[in-house]
Amino acid sequence: MKNTFKKLMPLAVVGVLSGATTFGAIKYFDPHNSGEDFSYFTKSSNNASFAGLNTGAVGDDFVKASKMTVPAVVTIKNYSTRSAQRAPDSDLFDFFFGNPFGGGRQQPQQRQQPPKNMPSGLGSGVIISPDGYIISNNHVVAGASKLEVVLSNKKTYIANLVGTDPNTDIALLKIEEKGLPYLNFANSDAVEVGQWVLAVGNPLGLNSTVTAGIISAKGRSIDLLSQQSRTPIESFIQTDAAINPGNSGGALVNVSGDLIGINTAISSNTGYYEGYGFAVPSNLARKIVEDIKKFGLVQRGFLGVGTLDLSNDNQVMAYNQEKKANLKTGNGVYVREVSDNSGAGDAGIRIGDVITKIDNTDINSYADLSFVIGSKRPGDRVLVTYTRNGKTNTANVTLKDQKGNTSARSKADLTVTEKIGSEFEPLSDRIKTNYGLNSGVIARNVIEGGEMDKIGIVDNYIIIEVNGKPINSQKDVEKILDGYSGNVQVKYVDEYGRMTTRGFKMP
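Residues numbered from 1 in each chain as written. Predicted model: local features only at pLDDT ≥ 70, side-chain atom pairs only at ≥ 80, totals over all residues. Heavy atoms only, no water.

Colleague: I'd like to hear about the overall build of the protein chain, residue by residue, with values.
Modeller: When helices and strands are tallied, the protein chain shows 13 helices and 25 strands. Residues counted as buried form 52% of the 507 residues belonging to the protein chain. In the protein chain, 65% of the contacts between residues at least 6 apart in sequence involve partners at least 24 apart. Summed over its atoms, the accessible surface of the protein chain is roughly 22500 Å², and 47% of this surface lies on carbon and sulfur atoms. (Helix = DSSP H or I, 4+ residues; strand = E, 2+ residues; numbered from the N terminus. Buried < 20%, exposed > 50% of the residue type's maximum accessible area, 1.4 Å probe, protein only. Contact = heavy atoms within 4.5 Å. Areas by Shrake-Rupley, 256 points an atom, 1.4 Å probe, with all protein chains shown as cover.)

Colleague: Pulling in residues and values, what's your account of unusual backbone geometry?
Modeller: One can expect most non-glycine residues to show negative phi and most peptide bonds to be in trans. Despite not being glycine, lysine 324 shows a phi value in the positive range, around 55°. As for its placement among the helices and strands, lysine 324 is situated in the loop between α7 (313–323) and β15 (333–338).

Colleague: Break down the sheet that holds strand β7 (residues 170–174) for me, with residues and values.
Modeller: One closed barrel holds the six strands; their spatial order is β2-β3-β4-β7-β6-β5, and the pairing between them is antiparallel. Direction aside, neighbouring strands of the sheet carry axes that sit 40° apart on average. Bridging between strand β5 (residues 144–150) and strand β6 (residues 156–165) involves four bridges; their strand directions are antiparallel. Across the sheet, valine 149 pairs through a bridge with tyrosine 157, a residue of β6. The sheet contacts of helix α6 (residues 282–295) involve β4 (133–137), β6 and β7, and relative to β7 the element is tilted by about 50°. (Pairing = 2+ DSSP bridges. Axes fitted to C-alpha atoms, helices over the stretch in contact; angles between N-to-C directions.)

Colleague: Let's hear about the environment of isoleucine 358: which residues, and what values?
Modeller: Position of isoleucine 358 among the secondary structure elements: in strand β16 (residues 354–358). Residue classification places isoleucine 358 among the buried residues on the basis of a relative accessible area of 0%. Sequence separation between isoleucine 358 and aspartate 368 is 10 residues; the distance between their C-alpha atoms is 9.3 Å. Setting aside residues up to four positions removed in sequence, isoleucine 358 forms contacts with Ile363, Leu369, Val372, Ile373, Val382, Leu383 and Val384.

Colleague: Now, about the pairing of strand β2 (residues 73–80): what can you tell me, with residues and values included?
Modeller: Counting buried positions over the eight residues of β2 gives seven, a clear majority of the element. Pairing geometry for β2 and strand β3 (residues 121–127), over six bridges, is antiparallel. Paired with valine 74 across the bridge in β3 is glycine 125. Bridge analysis of β2 against β5 gives six bridges, and the strand direction is antiparallel.

Colleague: Break down empty space enclosed by the protein for me, with residues and values.
Modeller: Counted by the stated rule, this structure contains three cavities of 30 Å³ or more. In this model, the largest cavity occupies a volume close to 50 Å³. Taken together, Val73, Val74, Thr75, Val150, Leu151, Ser152, Lys154, Asn202, Asn207 and Ser208 make up the lining of the largest cavity. It is β2 that contributes the most residues to the lining of the largest cavity, three residues altogether. Its residues placed into classes, the lining of the largest cavity shows four nonpolar, five polar and one charged. (1 Å grid on protein atoms, 1.4 Å probe; cavity = no way out; pocket = protein on both sides within 12 Å on 5 of 7 lines; lining within 4 Å. Points joined across faces, edges and corners; volume = space filled by probe spheres on them. Nonpolar A, V, L, I, M, F, W, Y, C, P; charged D, E, K, R; others polar.)

Colleague: Any chance you could break down the pattern of salt bridges for me, citing the residues and the numbers?
Modeller: Tallying each qualifying case throughout the model produces 15 salt bridges. A salt bridge links aspartate 291 to lysine 287, with the nearest nitrogen and oxygen atoms 2.9 Å apart. Separated by four residues within a single helix, aspartate 291 and lysine 287 lie in helix α6, roughly one turn from each other. Each member of the pair aspartate 291 and lysine 287 is classed as buried. Here glutamate 425 and arginine 444 are joined by a salt bridge, their closest N and O atoms 3.1 Å apart. Taken together, the residues span a long stretch of sequence, with glutamate 425 in strand β20 (residues 423–426) and arginine 444 in strand β21 (residues 441–444) at a distance of 19 residues. For glutamate 425, a relative accessible area of 37% corresponds to the partly exposed category. Classification of arginine 444 by relative accessible area gives partly exposed; the value is 25%. Residues participating in the shared-partner salt-bridge network are Lys287, Asp291 and Arg377. (Salt bridge = Lys/Arg side-chain N within 4 Å of Asp/Glu carboxyl O.)

Colleague: Describe helix α9 (residues 366–373), listing the residues and the values that go with them.
Modeller: With seven of eight residues buried, α9 is to be regarded as a mostly interior element. Turning to α9, its buried residues number three or more, namely Ala367, Asp368, Leu369, Ser370, Phe371, Val372 and Ile373.

Colleague: Residues and numbers for the nonpolar core, please.
Modeller: Ranked by size, the top nonpolar core spans 32 residues in total, and within it Val126, Ile128, Ile135, Ile170, Leu259, Ile262 and Val289 carry the most contacts. Among the secondary structure elements, those contributing two or more residues to this core are α3 (55–69), β4, β7, β8 (196–201), β11 (251–253), β12 (259–268), β13 (277–281) and α6. Apart from residues lying up to four places away in sequence, valine 289 is in contact with Phe41, Ile128, Ile135, Ile170, Ala171, Leu172 and Phe185. Formed by 22 residues, the second largest nonpolar core is a distinct cluster that contains Ile455, Leu481, Val488 and Tyr492. (Core = buried A, V, L, I, M, F, W, Y, C linked by side-chain atoms within 4.5 Å.)

Colleague: Outline α6, supporting the account with residue identities and numerical values.
Modeller: Compared with an ideal rise of 1.5 Å per residue, which puts 14 residues at 20 Å, α6 spans 20 Å between its outermost C-alpha atoms and is within 8% of the ideal. Most of α6 is tucked away: 12 of the 14 residues are buried. Of the positions making up α6, those classed as buried are Ser282, Asn283, Leu284, Ala285, Arg286, Lys287, Ile288, Val289, Glu290, Asp291, Ile292 and Phe295. Once α6 ends, the next one or two residues include glycine 296, with phi positive near 90°. (Expected span 1.5 Å × (residues − 1).)

Colleague: Summarise the side chain of arginine 300; cite the residues concerned and give the values.
Modeller: Mapped onto the elements of the fold, arginine 300 is located in the loop between α6 and β14 (305–309). One buried charged side chain, arginine 300, makes no salt bridge at all; its nearest oppositely charged neighbour is aspartate 165, positioned 6.1 Å away. (Lys, Arg positive; Asp, Glu negative; His and termini not counted.)

Colleague: Talk me through the packing of aromatic side chains; I want residue IDs and the actual numbers.
Modeller: Under the definition given, this model contains eight aromatic pairs. Between phenylalanine 41 and tyrosine 133, the ring centres sit 5.6 Å apart and the planes meet at 80°, which makes this aromatic pair edge-to-face. Of this pair, phenylalanine 41 sits in the loop between α2 (22–28) and α3 while tyrosine 133 sits in strand β4, and the two are 92 residues apart along the sequence. Across the pair, tyrosine 133 and phenylalanine 41 agree in class, each one buried. In this structure phenylalanine 41 comes out as buried when scored by relative accessible area, which is 1%. (Phe/Tyr/Trp six-rings, centres within 6.5 Å; stacked < 30°, edge-to-face > 60°.)

Colleague: Could you give an account of the confidence of the model for the protein chain, naming the residues involved and the relevant values?
Modeller: Here the protein chain shows a mean pLDDT of 83. Residues at 70 or above account for 81%. A low-confidence stretch, residues 1–35 stays under pLDDT 50, and its non-local contacts, those more than four residues away or across chains, total 115 contacts. Note on residues 47–55: pLDDT is under 50 here. Beyond four places in sequence and across chains, it has 14 contacts. (pLDDT = per-residue confidence, 0-100.)

Below, the structure is given as structure tokens:
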């Protein structure tokens, strides 16, 4: 694990993130909310009940839930063509997938590319419709050139990757089959701490493994997705059901066999189970895959504020020292900036306000806020309760996307840089001289799983040519690729000065 990661987190955290909300998530999944049908994937019955305290009854419930869940949980094999120079960036993937070749985690310098007929990663997935839609984690499928799905009955399929969302670590896959066993989505906002749950997946290569535990906590943020996303959503369900590498993307179910979460991460000193597992709540996961299926990308609403988590002692202390302020720790989120042309700004929210509630959900921390707002779509309206100078106020806010729009977008609406997953900055004359170049731009904000990432480009790599044409600005890239639909050829230079030419099909 990288030194910076060790410094940021005393425990080696495995997986990645996300969250959902009670009132907001229920509204979104209501097909009457906006006149559009987002209810393709099946919700469970409202009559589901918790397991009783009688141990005999609990055992019976576990057996029934296991029989329902195991056939709907699959193994996902990731065959990757990531280049050798990217190996150091894959430290976390040993944790996520386990080592398919046996043994413990390797140090970066010991890494080798797996044989071509061997998967580079192993994870789990959950069938969520009879016609072959499968939900998993983004980190399970990241960098894959081929994804193989193995059912519990050993039938094998090649999966199509429909879409991913690094902000929540959710991915949607599709196999061509009918009449498959599948799981219903439960209302994750209704789960309770102390409730019995089962984790089902393929840990350490042990297919169709079922473990039992309870919900240990809700709304957990483990500050992990921020390492791969600029706008992560973290509000995990925490469980003590045993989860290990290979469980990522598998099912966390209640005793009725309904899906309440997608197992995503563990917190551990060793990289293996120590009693702390984390799952993306099903309400958020369902919203993400509905968006991907309907639009081809996630529709995410934003308040348009920069915040300070008042429940975080370290953040408050650092802010007070930097700003010479005297903020007190407590519940709520302090507004430290308001973006232009934002929903919050339009509604009159100002710097210094403290957000305490969104609709009917109390906001005690930033995780709560990102959980509620990140589960909503542009154009959705929320009632924001906040305090200003000791007085409680409310504001009706219409959420916007990061471009300031309030309507849904499809892939056709994306800019060139959004489609290929990278932004670009002009190259300075000094760098051109150092590398002996006459042209080039620097890659910035490369999106994991995007087209540029897939061909081995990371932040700070130098792009020299696109489709054989020299480039010196982001506008040059956009001019070359705007409206283009064929194969794209990219010539770039890595951090060691090595020049490489790779390509992808324009999405």
